[in-house]
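Structure at a glance
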Amino acid sequence: MSLPETATPLVRTATGFFQAQALFAGIELGLFARICTAPATAEEIQREFGLHPKLTRDYLDSLVAMELLGRDGSSYRASPLTATYLDPRKPEYMGGFLAHNQRRLYPAWGNLPGFLRSGESLVKQLSEGDFTDGLYADPKRTRHFADAMDGYAVLLGRPLAEKYPWESVKSFTDLGGCRGLLTMRLAAAHGHLRGVTFDLPPLEPLFDELVEKEAGDSDLRDRVSYHAGSFFTDDLPDTQVYILGHVLHDWVDERRRALVNRAFEQLPPGGTLLVYDSMIDDERRDAAFGLLMSLNMAMISGSSEYTVSEGIGWMKEAGFEVEQPVALNELSTLLIGNKPV
Ligand SMILES: C[S@@+](CC[C@H](N)C(=O)[O-])C[C@H]1O[C@@H](n2cnc3c(N)ncnc32)[C@H](O)[C@@H]1O
């Protein structure tokens, strides 16, 4: 075996959190939101945010090197990445997801060795129930959670609207659709679609609030609705397509199978189940993000990600005919299962 020439990959991995924290700080301070409205000099930013004069330039220039800001002479501006994803006024704003990483996941990962020994998830440590119990008892946490889910699902709205032939269906339900962002984006992209968000009762007021914002003057309000219930026990809405997005990764195998089976039973003949998650490659070698996300899910909700073959297997067992997997983006895989006519 030849010796690696450099330890740089180790240094980069070990200090990767420098970049994560620089990004989180920009969100927490409101710096990206500010710079998206207009360029500013280091002096202006230092004054507006009360930063220390000795640190401001190094911080801003780090963000330039990370391609989060651009710099023209002494003026800093938003880079294309920041202008698209870190501007709260933009449709693909993902700040809620980044804040969730900072607030909840970063501290949890600090105890990885302890977790690897105990296997005790945060949910288990806090209660005997599932991850929604404590979460939805607190309105502030509920909103943070919905912001986090939206900040990630928002990246999938466009690819899902484009990569599935929605022209051939009239209605869909997003099972575990949180406060309905994906439902609204799909329905907005395809003017003939009616969409239902099916989720637990505490999220309904947040759906009502969001639809006001997303609909504007359009007819979206009339084409989307919220159906409160539990997907384990209640009847599912009568639509042609069900979506289970970032839902199977919340549960252990037995409950994932139960969900896929319920979807099969309640879809009409010819209906379709769409499943997306950060699935693991079948060789369990390449999908570093999916594998690490699997540990993350174990840590926060006692569950895991799963391989593409496992996902296809549960769908076939239920009775679906499963199409070739589709890459929604670099991090997410879509499985399409059709219920025979
Ligand atoms: C990880 S989030 C995924 C949200 C969204 N689908 C996405 O792609 O970001 C899981 C969702 O499942 C919902 N959920 C959990 N248990 C549920 C249940 N028993 N019935 C319906 N929804 C449930 C949660 O409230 C949450 O909104």
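What counts, and at which threshold
- Residues numbered from 1 in each chain as written.
- Predicted model: local features only at pLDDT ≥ 70, side-chain atom pairs only at ≥ 80, totals over all residues.
- Heavy atoms only, no water.
- Helix = DSSP H or I, 4+ residues; strand = E, 2+ residues; numbered from the N terminus.
- Contact = heavy atoms within 4.5 Å.
- Polar contact = N/O pair within 3.5 Å; in protein donor to acceptor, adjacent residues only side chain to side chain.
- Near = heavy atom within 4 Å.
- 1 Å grid on protein atoms, 1.4 Å probe; cavity = no way out; pocket = protein on both sides within 12 Å on 5 of 7 lines; lining within 4 Å.
- Sits in = over half its atoms within 2 Å of the grid points.
- Nonpolar A, V, L, I, M, F, W, Y, C, P; charged D, E, K, R; others polar.
- Axes fitted to C-alpha atoms, helices over the stretch in contact; angles between N-to-C directions.
- Parallel < 35°, antiparallel > 145°, perpendicular 65-115°, else oblique.
- Left-handed = near helix turned anticlockwise from the far one by under 90°.
- Points joined across faces, edges and corners; volume = space filled by probe spheres on them.
- Domains from an automatic or database assignment.
- Pairing = 2+ DSSP bridges.

An unreviewed UniProt entry annotates the chain as Methyltransferase of Nonomuraea rubra.

Quick notes on the environment of Ser278
Among the structural elements, Ser278 can be located in the loop between strand S8 (272-277) and helix H16 (288-301). C-alpha of Ser278 to C-alpha of Ser74: the two residues are 204 residues apart in sequence and 41 Å apart in space. Excluding residues within four positions of it along the chain, Ser278 makes contact with Tyr152, Phe289, Gly290, Glu305, Leu331 and Ser332. Here Tyr152 takes part through its side chain, which lies 3.4 Å from a polar atom of the side chain of Ser278. For Ser278, the side chain forms a polar contact with the main-chain oxygen of Leu331, separated by 3.1 Å.

What about the site of the ligand?
Residues in close proximity to the ligand total 19 residues, the closest being Tyr136, Gly176, Asp199, Gly245 and Tyr276. Most atoms of the ligand, that is more than half of them, are within 2 Å of grid points of the second largest pocket. The element best represented in the shell around the ligand is helix H11 (residues 139-163), accounting for three residues. In terms of residue class, the shell around the ligand is built from eleven nonpolar, six polar and two charged.

Concerning the packing of helix H2 (residues 16-29) against helix H7 (residues 95-109)
Between H2 and H7, whose axes approach to 10 Å, the crossing angle comes to 120 degrees. Considering the angle they form, H2 stands oblique to H7. Judged by the sense of rotation from one axis to the other, the crossing of H2 with H7 is left-handed. The residues of H7 that touch H2, namely those facing Phe17, Gln21, Leu23, Phe24, Ile27 and Glu28, are Gly95, Leu98, Asn101, Gln102 and Tyr106. Taken together, the residues of the contact of H2 with H7 break down into six nonpolar, four polar and one charged.

Considering the layout of surface pockets
Here the largest pocket is characterised by a volume of approximately 1400 Å³. Contributing to the lining of the largest pocket are 33 residues, with Ala20, Phe97, Leu98, Asn101 and Phe289 lying nearest its centre. Structurally, the lining of the largest pocket is a two-domain feature, drawing no fewer than three residues from each of domain 1 (8-85) and domain 2 (150-338). Of the voids in this model, the second largest pocket is the one considered here, and its volume is about 750 Å³. What lines the second largest pocket is a set of 44 residues, among which Phe131, Phe145, Met149, His246 and Asp250 lie closest to the centre. Broken down by secondary-structure element, the contributors of at least two residues to the lining of the second largest pocket are H7, helix H10 (132-135), H11, helix H12 (181-189), strand S5 (194-199) and H16. Among the elements that make up the lining of the second largest pocket, the one with the highest residue count is H11 (seven residues). Residue classes in the lining of the second largest pocket are distributed as 24 nonpolar, twelve polar and eight charged.

A few points about the sheet that holds strand S3 (residues 75-78)
Read across the sheet, three strands follow the order S1-S3-S2 without closing on themselves; strand pairing throughout is antiparallel. The sheet is open, and its two edges are formed by strand S1 (40-41) and strand S2 (69-72), each paired on a single side. Of the strand pairs in this sheet, S2 and S3 are connected by four bridges, and their pairing is antiparallel. In the strand pairing of S3, Gly70 is matched with Arg77. Packing of helix H5 (residues 53-65) onto the sheet brings it into contact with S2 and S3, and relative to S2 it is tilted by some 110 degrees.

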